[in-house]
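Single-letter residue listing:
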Amino acid sequence: CIIKRLFIIRKKIVYCIDYQSNTIMSNLEASYNLILDNLREISEIENFYFKPIKPKLSDIELISLIILAEFKSIDSEHQLFRDIKGFEIEPKIDRSVYNRRKRKLFPFIEEIRKKMVDKFNEFENYFVVDSMPLEVCKISRCSRSKICKDVDYAYPNKGFCASQNLHFYGYKLHAVCSISGVFQSFDISPASVHDIHFLQDIKHQMSDCVLLGDKGYLSQSIQLDLFNEVNIELETPKRKNQKDYKPQFYQFKKYRKRIETLFSQLCDQFMIRRNYAKTFEGFKTRILAKITTLTTIQFLNRFIFDRNINNLKINLV
């Protein structure tokens, strides 16, 4: 009698586990299909570059799979291919092919991201600029580390983050976002590059707006240069020992916190500081995939579900 009861309990446990795994799988597949349908409407192209043999899995399907993995915080490709076992797309692509094609799709992923951003920021006049550290390894290992040293123009190096009082080895992520919380543009530089040099690149990307920054962007010459060339008004808080010191407008301080929240979401949900890449190409592709995923979820929140765009920890189905 006891053995019979144990057998029934075991059967119920196995059934619950199977039901739960099937539910998770169905949610993953439904989320993938939702992302794919919307990306097809945005891009209108299935394959972005020439391939001698037509692949079973199109480029837009592959990008949808990349975004699904980042949204579900699946940071390991091995784990991703375990989770999609039984999917319709599983036999269409191999893990090594997935990795190579993902790196080749970098400019096309950025193109899709920009199309989504244009729908958000078309009438925006206020933007926020800031930077955050991206470690590639601990500073104690930097002398013998070979990570991201495959190209001469993008060697990582040592830097200092004043806001976190942190010395680190790697890169800096420089980003501009709207006050509603959508990344307009971003760039990656070695850790030693000062934040203010990123403003020279902004001249070629934006114009006719107000740009809010912290004290790291204080420079009267660059402020005048931005205003005269592209009509960008750079607003930064002044230091108390400056002769013409005035406290910054309170609303601007509030707006500046928006980008800090976005950086926190990238670190928390999208694990942007966790690095598995060995080459710089792989590293920058991982960063772009995470930012594109964040923008995609915001896009679905606004134009599909009609809810707060910054509710990122939600189910899509």
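Note that residues are indexed from 1 along each chain, following the sequence as it is written. Whole-chain, interface and lining totals are the exception, using all residues; otherwise, since this is a predicted model, local features are given only for residues with pLDDT of at least 70 and side-chain atom pairs are given and counted only at 80 or more. Just so you know, side-chain values use all the structure's heavy atoms and leave hydrogens and water out.

> Would you explain the confidence of the model for the chain in this entry?
For residues with low pLDDT, the predicted coordinates do not support detailed interpretation. The pLDDT score gives, residue by residue, the confidence of the prediction method on a 0 to 100 scale. Here the chain averages 85 in pLDDT, while 91% of its residues score no lower than 70. Helix and strand labels come from DSSP, where a helix needs a run of H or I of at least four residues and a strand needs a run of E of at least two; each type is numbered from the N terminus. For the chain, helix 1 (residues 2-43) is the element with the lowest average pLDDT, namely 63, and helix 9 (residues 280-303) is the one with the highest, namely 93. Working rule for contacts: check all heavy atoms of both residues, and any pair within 4.5 Å makes them a contact. Counted against residues more than four places away or in other chains, residues 11-25, with its pLDDT under 50, gives 2 contacts.

> Help me understand the pairing of strand 3 (residues 166-178), please; the structure alone is not making it clear to me.
Put simply, side chains in a regular strand alternate between the two faces of the sheet. Only protein chains enter the accessibility calculation, which uses a 1.4 Å probe; a residue is then buried when its area is under 20% of its type maximum, exposed when over 50%, and partly exposed in between. With 11 of 13 residues buried, strand 3 is to be regarded as a mostly interior element. The sheet contact formed by strand 1 (residues 126-137) and strand 3 spans 10 bridges and is antiparallel. By the bridge assignment, Val-128 is partnered in strand 3 with Cys-177. Strands pair, by our definition, only if DSSP identifies at least two bridges between them. Of the strand pairs in this sheet, strand 2 (residues 157-161) and strand 3 are connected by 5 bridges, and their pairing is antiparallel. Its bridge partner being in strand 3, Lys-158 is matched across the sheet by Tyr-169. Hairpin connection, strand 2 to strand 3: the antiparallel pair is bridged by 4 residues, and Asn-165 has positive phi, about 50°. For strand 3 and strand 4 (residues 183-190), the ladder comprises 7 bridges, and the chain directions are antiparallel. Looking at strand 4, one finds that Leu-173 is bridged to Ile-188.

> Please explain helix 7 (residues 220-230) as it appears in this structure.
Owing to its 3.6 residues per turn, the α-helix aligns residues three or four sequence positions apart on the same side. Among the residues of helix 7, Ile-222, Leu-226 and Val-230 are the ones counted as buried. Down the axis of helix 7, the sector holding all buried residues measures 40°, keeping them to one side. Seen from the buried face of helix 7, the exposed residues on the opposite side, beyond 90 degrees, are Gln-220, Ser-221 and Asn-228. Along its buried surface, helix 7 packs onto helix 6 (198-202) and strand 6 (232-235). Arc definition: directions from the helix axis to the C-beta atoms.

> Which parts of the structure should I look at to understand empty space enclosed by the protein?
To find leftover empty space, a probe the size of one water molecule is rolled over the atoms. The definitions used throughout rest on a 1 Å grid laid over the protein atoms alone, on which a cavity is an enclosed set of points accommodating a 1.4 Å probe that cannot get out and a pocket is an open set flanked by protein within 12 Å on both sides along at least five of seven lines; lining residues are those having an atom within 4 Å of a point. Grid points are joined across faces, edges and corners, and a volume is the space filled by probe spheres set on the points. For the structure on display, the rule yields 1 cavity of 30 Å³ or more. A volume near 80 Å³ is recorded for the largest cavity. Around the largest cavity, the lining residues are Ile-66, Ala-69, Glu-70, Ile-74, Asp-75, Ser-76, Glu-77, Leu-80, Tyr-98, Lys-102 and Arg-286. At the level of elements, helix 2 (59-71), helix 3 (77-83) and helix 4 (95-104) are the ones that each hand at least two residues to the lining of the largest cavity. For the lining of the largest cavity, the element with the highest residue contribution is helix 2, accounting for 3 residues. Think of it as three bins: nonpolar holds Ala, Val, Leu, Ile, Met, Phe, Trp, Tyr, Cys and Pro, charged holds Asp, Glu, Lys and Arg, and polar takes everything else, Gly as well. Looking at the lining of the largest cavity, its residues break down into 5 nonpolar, 1 polar and 5 charged.

> Can you walk me through the packing of helix 2 against helix 4 in this structure?
Helix axes are fitted only over the stretch in contact, all axes being lines through C-alpha atoms; the angle between N-to-C directions runs from 0 to 180 degrees. In contact at an axis separation of 11 Å, helix 2 and helix 4 are set at 100° when each is read in the N-to-C sense. Of the possible angle classes, the one that applies to helix 2 and helix 4 is roughly perpendicular. Listed contacts from helix 4 to Asp-59, Leu-62, Leu-65, Ile-66 and Glu-70 of helix 2 are Tyr-98, Arg-101 and Lys-102. Of the residues in the contact of helix 2 with helix 4, the class split is 4 nonpolar, no polar and 4 charged. By definition in this entry, angles of less than 35 degrees are roughly parallel, angles greater than 145 are roughly antiparallel, angles of 65 to 115 are roughly perpendicular, and the rest are oblique.

> For this particular structure, what's the right way to read the layout of surface pockets?
Its volume calculated, the largest pocket comes out at about 560 Å³. Taken together, 26 residues line the largest pocket, and the ones lying closest to its centre are Asp-130, Ser-131, Cys-161, Ser-163 and Asp-214. Breaking the lining of the largest pocket down by element, the ones donating at least two residues are strand 1, strand 2, strand 3 and helix 8 (250-268).

> Is there a simple way to explain the nonpolar core in this structure?
Where a protein is soluble and globular, its nonpolar side chains tend to be buried together. Tyr-171, Leu-173, Phe-183, Leu-266, Phe-283 and Ile-287 are the most contacted members of the largest nonpolar core, which totals 75 residues. No other element matches helix 9, which puts 10 residues into this core. The residues contacting Phe-283, other than those within four sequence positions of it, are Leu-134, Val-136, Cys-148, Tyr-171, Ile-188, Asn-275 and Ala-277. Side-chain atoms within 4.5 Å are what join buried Ala, Val, Leu, Ile, Met, Phe, Trp, Tyr and Cys residues into a set we call a nonpolar core.

> What is the right way to look at the side chain of Asp-75 in this model?
Among the structural elements, Asp-75 can be located in the loop between helix 2 and helix 3. Judged by relative accessible area, Asp-75 falls into the buried class, the value being 9%. Separated by 3.1 Å, the side chains of Asp-75 and Arg-286 make a polar contact. If we skip the residues at most four places from it in the chain, Asp-75 touches Glu-70, Met-271, Arg-274, Tyr-276, Arg-286 and Lys-290. Pairs of N or O atoms are called polar contacts if they sit within 3.5 Å, as long as, within protein, a hydrogen donor faces a hydrogen acceptor (for residues adjacent in sequence, only side-chain-to-side-chain pairs).

> Even after reading the chapter, I still don't get the environment of Ile-179, so can you show me in this structure?
By the secondary structure assignment, Ile-179 is in the loop between strand 3 and strand 4. For the pair Ile-179 and Arg-256, spaced 77 residues apart in sequence, the C-alpha separation works out to 7.7 Å. With residues up to four places along the chain from it excluded, the contact list for Ile-179 reads Glu-124, Tyr-126, Val-128, Tyr-255 and Arg-258.

> I tried to follow the packing of aromatic side chains on my own but got confused; where do I start?
Two numbers describe a pair of aromatic rings. These are the distance of the centres and the angle of the planes. Note on aromatic pairs: the rings of Phe, Tyr and Trp (six-membered ring only in Trp) are paired at centre separations within 6.5 Å, and the planes decide the class, stacked below 30 degrees, edge-to-face beyond 60, tilted for the rest. In this structure the tally under the stated criterion is 11 aromatic pairs. The interplanar angle of 15° and the centroid separation of 6.2 Å between the aromatic rings of Tyr-49 and Phe-108 together place this pair among those described as stacked. Of this pair, Tyr-49 sits in the loop between helix 1 and helix 2 while Phe-108 sits in helix 5 (residues 106-121), and the two are 59 residues apart along the sequence. Classification of Tyr-49 as partly exposed rests on a relative accessible area of 21%. Owing to a relative accessible area of 18%, Phe-108 belongs among the buried residues under this scheme. Their ring planes at 80° and their centres at 5.5 Å tell us that Phe-81 and Tyr-98 sit as a pair that is edge-to-face. Here Phe-81 is found in helix 3, whereas its partner Tyr-98 is found in helix 4, with 17 residues between them in sequence.

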